[in-house]
Amino acid sequence: DSGVTQTPKHLITATGQRVTLRCSPRSGDLSVYWYQQSLDQGLQFLIQYYNGEERAKGNILERFSAQQFPDLHSELNLSSLELGDSALYFCASTFSQGVQETQYFGPGTRLLVL
Amino acid sequence: GQQVMQIPQYQHVQEGEDFTTYCNSSTTLSNIQWYKQRPGGHPVFLIQLVKSGEVKKQKRLTFQFGEAKKNSSLHITATQTTDVGTYFCAEPVSGGYQKVTFGTGTKLQVIP
């Protein structure tokens, strides 16, 4: 157990719909990262938040948005869903110790768009 | 943009054989991390390498960072079925102001 929680675990929806994925970082971690992993694919970095502010952006579509709330939990909103959005979505929070910054991943949300 | 390629993409080995995955970057890396993702699981941090030419060991796993800091390798000696999974290298955050780039991953299958 990494200490990072994600809900829901599974999500099945239809094309054109909108969903919200939720992530709670480990206690004390200020950063949240979102990743997309399609079937048998690598991890695509989407976006990072630090203490409520967007800090870095990756390959995130305009249909996707995220935010981090004052209690540090984060939500990833996916709208106008397409079949190709079906994937595992992970969030990770980071622990810094000197030059080492370790990412702790949550269990993921498996999204299926039908 | 920065690319981090890993080879091979897939590897099947007989239990007891050695395994190596290589990570190559188009740019000089500040440091590199390795993660393991078991089937159906989430990535789990293994190690970070910082110095040019650095070598670190974890039991049967040996991690190496290239002299030019553009490549890295993970070598597993005498694989076991518990080694099954996908191994990713990643250029980690640095002060949190840059994109995180994960390698393409190497999927290891160990045949008992």
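Here goes a summary of the coordinates provided. For clarity, every value in this text was computed on a predicted model and none was experimentally measured.

What follows deals with the state of the cysteines. All names here are of chain A. Applying the stated criterion to the full structure yields two disulfides over all chains. Put simply, Cys-23 and Cys-91 are joined by a disulfide, and their sulfur atoms are 1.9 Å apart. For the disulfide bridge between Cys-23 and Cys-91, the dihedral angle about the S-S bond is near 75°, and by the sign convention the bridge is right-handed. Placement of the pair is Cys-23 in strand β3 (residues 19-24) and Cys-91 in strand β9 (residues 87-97), with a sequence separation of 68 residues. Across this residue pair, the class does not change: Cys-23 and Cys-91 are buried.

What follows is about the environment of Asn31(B). Along the chain, Asn31(B) turns up in the loop between β3 (19-25) and β4 (32-37). Sequence separation between Asn31(B) and Lys69(B) is 38 residues; the distance between their C-alpha atoms is 7.5 Å.

All names here are of chain B. The strand order β1-β3-β8-β7-β6 describes an open sheet built from five strands, whose pairing is antiparallel. Of all strands in the sheet, those with a lone pairing partner are β1 (4-7) and β6 (55-58), marking the two edges. Within this sheet the neighbouring strands show an average axis-to-axis angle of 15°, counted without direction. Bridge analysis of β3 against strand β8 (residues 71-76) gives six bridges, and the strand direction is antiparallel. Bridge pairing in β8 places Tyr-22 opposite Ser-73.

Time to look at the packing of aromatic side chains. The relative placement of two aromatic rings is captured by the distance of their centres and the angle of their planes. All names here are of chain B. This model, assessed by the stated rule, comprises 12 aromatic pairs over all chains. Residues Tyr-35 and Phe-45 carry aromatic rings whose centres are separated by 5.7 Å and whose planes lie at 75° to one another, so their mutual orientation is edge-to-face. Taken as a pair, Tyr-35 in strand β4 and Phe-45 in strand β5 (residues 44-49) lie far apart in primary sequence, 10 residues in all. Between Phe-88 and Phe-102, the aromatic rings sit 6.3 Å apart at their centres with planes inclined by 80°, giving edge-to-face as the arrangement. With Phe-88 in strand β9 (residues 85-91) and Phe-102 in strand β10 (residues 101-102), this pair connects stretches of sequence that are 14 residues apart. The two residues Phe-88 and Phe-102 agree in class, both being buried.

All names here are of chain A. One open sheet accounts for four strands, arranged β1-β3-β8-β7; its pairing is antiparallel. Every other strand in the sheet has two partners, leaving β1 (5-7) and β7 (64-68) as the edge strands with one partner each. Neighbour-to-neighbour, the strand axes of the sheet open up by a mean angle of 15°, direction not taken into account. Direction of pairing for β7 relative to strand β8 (residues 74-78): antiparallel, over a ladder of five bridges. When the sheet's bridge partners are listed, Ala-66 is paired in β8 with Leu-76.

Further remarks concern the pattern of salt bridges. Summed over all chains, the structure comprises five salt bridges over all chains. Asp85(A) is the salt-bridge partner of Arg63(A), the closest N and O atoms lying 2.8 Å from each other. Here Asp85(A) lies in the loop between β8 and β9 and Arg63(A) lies in the loop between β6 (53-57) and β7, a separation of 22 residues in the sequence. A salt bridge links Glu54(B) to Lys56(B); the shortest N-O distance between them is 3.7 Å. A relative accessible area of 16% places Glu54(B) in the buried class.

Moving on to unusual backbone geometry. Backbone geometry follows two general trends: most residues other than glycine have a negative phi, and most peptide bonds adopt the trans configuration. With an omega of -10°, the peptide bond running from Thr7(A) to Pro8(A) counts as cis. Relative to the helices and strands, Pro8(A) is located in the loop between β1 and β2 (10-13). The peptide bond linking Ile7(B) to Pro8(B) adopts the cis configuration, its omega dihedral lying at -5°. Looking at where Pro8(B) falls in the secondary structure, it is placed in the loop between β1 and β2 (10-14). Even without a glycine there, the phi angle at Lys69(B) is positive, about 60°. Here Lys69(B) shows up in the loop between β7 (61-65) and β8. Phi angles above zero are rare outside glycine, and Ala78(B) is one such case at about 50°. With respect to the helices and strands, Ala78(B) occurs in the loop between β8 and β9.

Calculation rules
Residues numbered from 1 in each chain as written. Chains lettered and ligands numbered in written order. Predicted model: local features only at pLDDT ≥ 70, side-chain atom pairs only at ≥ 80, totals over all residues. Heavy atoms only, no water. Disulfide = S-S within 2.5 Å. Helix = DSSP H or I, 4+ residues; strand = E, 2+ residues; numbered from the N terminus. Buried < 20%, exposed > 50% of the residue type's maximum accessible area, 1.4 Å probe, protein only. Pairing = 2+ DSSP bridges. Axes fitted to C-alpha atoms, helices over the stretch in contact; angles between N-to-C directions. Phe/Tyr/Trp six-rings, centres within 6.5 Å; stacked < 30°, edge-to-face > 60°. Salt bridge = Lys/Arg side-chain N within 4 Å of Asp/Glu carboxyl O.

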